[in-house]
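Each chain, letter by letter, is given below.
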Amino acid sequence: MKEYKLVYLNKGLKFSRDKEIQQAEDLINRYVSEGWTLQQIATPGDDMGAMIGVFYKESKL
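Residues numbered from 1 in each chain as written. Predicted model: local features only at pLDDT ≥ 70, side-chain atom pairs only at ≥ 80, totals over all residues. Heavy atoms only, no water.

### Quick notes on the overall build of the protein chain
Right, on to step 1. Helix and strand content of the protein chain: one helix and three strands.
Right, on to step 2. Each helix and strand of the protein chain, ordered N terminal to C terminal, gives the series β-α-β-β.
Right, on to step 3. Considering only C-alpha atoms, the protein chain reaches an extent of 45 × 20 × 15 Å along its principal axes.
Right, on to step 4. The buried share of the protein chain, reckoned over its 61 residues, is 25%.
Right, on to step 5. The long-range fraction of contacts in the protein chain, counting pairs at least 24 apart against all pairs at least 6 apart in sequence, stands at 56%.
Right, on to step 6. A total accessible area of about 4500 Å² is found for the protein chain, and carbon and sulfur atoms account for 54% of it. (Helix = DSSP H or I, 4+ residues; strand = E, 2+ residues; numbered from the N terminus. Buried < 20%, exposed > 50% of the residue type's maximum accessible area, 1.4 Å probe, protein only. Contact = heavy atoms within 4.5 Å. Areas by Shrake-Rupley, 256 points an atom, 1.4 Å probe, with all protein chains shown as cover.)

### A look at the sheet that holds strand E2 (residues 37-42)
Right, on to step 1. With antiparallel pairing, the three strands of this open sheet are ordered in space as E1-E3-E2. The strands lining the two open edges of the sheet, one partner per strand, are strand E1 (2-8) and E2. Put simply, the sheet's adjacent strands are angled 20° from each other on average, direction ignored.
Right, on to step 2. Where helix H1 (residues 17-33) meets the sheet, its contacts fall on E1, E2 and strand E3 (52-58), and the angle it forms with E1 comes to roughly 160°. (Pairing = 2+ DSSP bridges. Axes fitted to C-alpha atoms, helices over the stretch in contact; angles between N-to-C directions.)

### Notes on the side chain of Asn 10
Right, on to step 1. If you trace the backbone, Asn 10 turns up in the loop between E1 and H1.
Right, on to step 2. Among the polar contacts made by the side chain of Asn 10, one reaches the side chain of Glu 20 at a distance of 3.5 Å.
Right, on to step 3. For Asn 10, the side chain forms a polar contact with the main-chain nitrogen of Met 51, separated by 2.9 Å. (Polar contact = N/O pair within 3.5 Å; in protein donor to acceptor, adjacent residues only side chain to side chain.)

This is the structure we're talking about:
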């Protein structure tokens, strides 16, 4: 069975898209190092808004 987790990848207000992307990369790497697999990143249509990462990992019953 898969366990899913939704994570906001760009918490807080940044005045630079580069800083938002760097923060998102850092969070992705942290979750991957904890055993999660990134399935998808949902981004808004414009330059502002939340980026959400969809992670999963296999759970044993």
